[in-house]
Amino acid sequence: MGIQVGMQPKVLYQADQNYVQTMKSVRHHLHGICRQHVNQFVRVQTIDGQVVTGRILGCDRGMLYLGVQSHGGQRAFFGGSDEAILALVLFELLVITLLYT
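The model shown is predicted, which means the values in this text are computed figures rather than measured ones. (Residues numbered from 1 in each chain as written. Predicted model: local features only at pLDDT ≥ 70, side-chain atom pairs only at ≥ 80, totals over all residues. Heavy atoms only, no water.)

Draft legend 1. Local environment of the packing of aromatic side chains. If you walk through the whole model with that rule in mind, you get one aromatic pair. When the ring of Phe41 is compared with that of Tyr100, the centres are 6.0 Å apart and the planes differ by 80°; the resulting orientation is edge-to-face. Separated by 59 residues along the polypeptide, Phe41 in strand 1 (residues 41-46) and Tyr100 in the segment after strand 6 (93-98) bring together distant segments of the chain. You can call Phe41 partly exposed: its relative accessible area is 37%. (Phe/Tyr/Trp six-rings, centres within 6.5 Å; stacked < 30°, edge-to-face > 60°. Helix = DSSP H or I, 4+ residues; strand = E, 2+ residues; numbered from the N terminus. Buried < 20%, exposed > 50% of the residue type's maximum accessible area, 1.4 Å probe, protein only.)

Draft legend 2. Summary view of the side chain of Arg55. Within the secondary structure layout, Arg55 lies in strand 2 (residues 51-60). Looking at Arg55, its side chain comes within polar contact range of the side chain of Asn39, at 2.6 Å. When residues no more than four places from it in sequence are discounted, the contact partners of Arg55 are Asn39, Gln40, Phe41, Tyr65, Leu66, Gly67 and Glu83. (Polar contact = N/O pair within 3.5 Å; in protein donor to acceptor, adjacent residues only side chain to side chain. Contact = heavy atoms within 4.5 Å.)

Draft legend 3. Seen up close, the nonpolar core. Counting residues in each nonpolar core, the largest one holds 15 residues, and the members touching the most others are Val44, Leu64, Leu66, Val68, Leu88, Leu90 and Leu93. Contributing elements (two or more residues each) for this core: helix 1 (17-36), strand 1, strand 2, strand 3 (63-69) and strand 5 (83-89). (Core = buried A, V, L, I, M, F, W, Y, C linked by side-chain atoms within 4.5 Å.)

Shown next, in the form of C-alpha cells:
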C-alpha cells in the first residue's frame, strides 16, 4: 500500500493547543528540577505505576536518564559497569522523590 500523490493526508490525532502549552510547561519545569539534582539518588513513579530507583545521570530533550542497577529485563542501555541507563519520558513521570539529602 503506497502513498497516492494528490491525496490529502487524514489527521488521526491533533493535540489541543492548551494541552501542548501545558505539556511544554511541565517538561520545562521537570527539566529544571532534574538538572538541579544530577548525580543524586531518586525514586521515580510513572503515570502507569512503574517505580524505579536510580541516580539521575542527566536530562535532555524531554528525557530523564537514570543510572539503575542492571538486573536485566528493564528497558535500559547497558554499559561496561554494574549500572544501566534507563531513559524515561518526562511527561510520563508522576512523582520524583529525592532519597538522600
